[in-house]
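Residues per chain are reported as follows:
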Amino acid sequence: MPSRSAPAGSTQLYKADSQWCDQLSKTRQKLAGICGQCMNRRVRIETIDGHSYEGVVVGADNTYLHLMTGDARFFGPYASNAILTLVLFELLVITLLI
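Thresholds, definitions, all that
Residues numbered from 1 in each chain as written. Predicted model: local features only at pLDDT ≥ 70, side-chain atom pairs only at ≥ 80, totals over all residues. Heavy atoms only, no water. Helix = DSSP H or I, 4+ residues; strand = E, 2+ residues; numbered from the N terminus. Buried < 20%, exposed > 50% of the residue type's maximum accessible area, 1.4 Å probe, protein only. Contact = heavy atoms within 4.5 Å. Areas by Shrake-Rupley, 256 points an atom, 1.4 Å probe, with all protein chains shown as cover. Pairing = 2+ DSSP bridges. Axes fitted to C-alpha atoms, helices over the stretch in contact; angles between N-to-C directions. Patch = residues over 30% accessible without salt bridge, like charges linked within 9 Å, V, L, I, M, F, W, Y side chains within 5 Å. Salt bridge = Lys/Arg side-chain N within 4 Å of Asp/Glu carboxyl O. Core = buried A, V, L, I, M, F, W, Y, C linked by side-chain atoms within 4.5 Å. Expected span 1.5 Å × (residues − 1). Arc of directions from axis to C-beta. Polar contact = N/O pair within 3.5 Å; in protein donor to acceptor, adjacent residues only side chain to side chain.

**Remarks on the overall build of the protein**
Right, on to step 1. When its secondary structure is counted, the protein shows 2 helices and 5 strands.
Right, on to step 2. Listed N to C, the secondary structure of the protein is α-β-β-β-α-β-β in terms of helices and strands.
Right, on to step 3. Looking at the protein as a whole, 22% of its 98 residues qualify as buried.
Right, on to step 4. Nonlocal contacts in the protein, meaning residues at least 24 apart in sequence, comprise 39% of its contacts between residues at least 6 apart.
Right, on to step 5. Of the roughly 7100 Å² of accessible surface on the protein, 52% is carried by carbon and sulfur atoms.

**Points about the sheet that holds strand β5 (residues 91-96)**
Right, on to step 1. A sheet is described by the order of its strands in space; here 5 strands give the open sequence β4-β3-β2-β1-β5, paired in antiparallel fashion. The two strands at the open ends of the sheet, each matched to only one other strand, are β4 (82-87) and β5. Averaged over all pairs of adjacent strands, the angle between strand axes in this sheet comes to 45°, irrespective of strand direction.
Right, on to step 2. Sheet analysis places strand β1 (residues 42-47) next to β5, joined by 5 bridges and oriented antiparallel. Across the sheet, I45 pairs through a bridge with I94, a residue of β5.

**Considerations on a nonpolar patch on the surface**
Right, on to step 1. A cluster of nonpolar side chains, namely L13, Y14 and W20, defines an oily patch on the protein surface of about 460 Å² accessible area.
Right, on to step 2. Looking at the secondary structure, you find Y14 in the segment before α1 (18-37).

**Things to note about the nonpolar core**
Soluble globular proteins tend to pack their nonpolar side chains together in the buried interior.
Right, on to step 1. Counting residues in each nonpolar core, the largest one holds 14 residues, and the members touching the most others are I45, L65, L67, L86 and L88.
Right, on to step 2. Every element with two or more residues in this core is listed here: α1, β1, β2 (52-60), β3 (64-69) and β4.
Right, on to step 3. A per-element tally of this core places α1 first, with 3 residues.
Right, on to step 4. With residues up to four places along the chain from it excluded, the contact list for L65 reads C35, I45, V57, G59, A60, L84, T85, L86, L88 and L91.

**Regarding α1**
Right, on to step 1. With 20 residues, α1 should cover 28 Å at 1.5 Å per step; its first-to-last C-alpha distance of 29 Å lies within 8% of that length.
Right, on to step 2. By the burial criterion, the buried members of α1 are C21, L31, A32 and C35. Mapping the buried residues of α1 onto a view down its axis gives an arc of 105°, with all of them on the same face. Seen from the open side of α1, the exposed residues pointing more than 90 degrees away from its buried face are Q19, K26, Q29, K30 and Q37.
Right, on to step 3. Close packing links the buried residues of α1 with β2, β3 and β5.
Right, on to step 4. One side-chain oxygen of the residue at the start of α1 lies 3.2 Å from the amide nitrogen of Q19, identifying that residue as D17.

**Concerning the environment of M39**
Right, on to step 1. On the secondary structure map, M39 appears in the loop between α1 and β1.
Right, on to step 2. Between the C-alpha atoms of M39 and A60, which are 21 residues apart in sequence, the distance is 8.0 Å.
Right, on to step 3. If we ignore the near neighbours within four places in the chain, the residues touching M39 are V57, V58, G59 and A60.

Next comes the structure, spelled out in structure tokens:
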């Protein structure tokens, strides 16, 4: 991972531990593969913050999962086929719904 230093005259407030960064990178790659296998399939997603979402996986990359949901909590009563974007490292459980 390339080293990023703070610009001259600034104070660095936080720098992630390199082992944590390595583990996060491996976890994101693993999740991206799993999400890719779930494309166009109905899933339930639970996040580390305790939120739960259901919908169809319509996209995924190494950072985000895109879930098509008609959840009126976020998009109002006309929410059919709304796309919710979730960050991969916040996902706790992915359940394939049959």
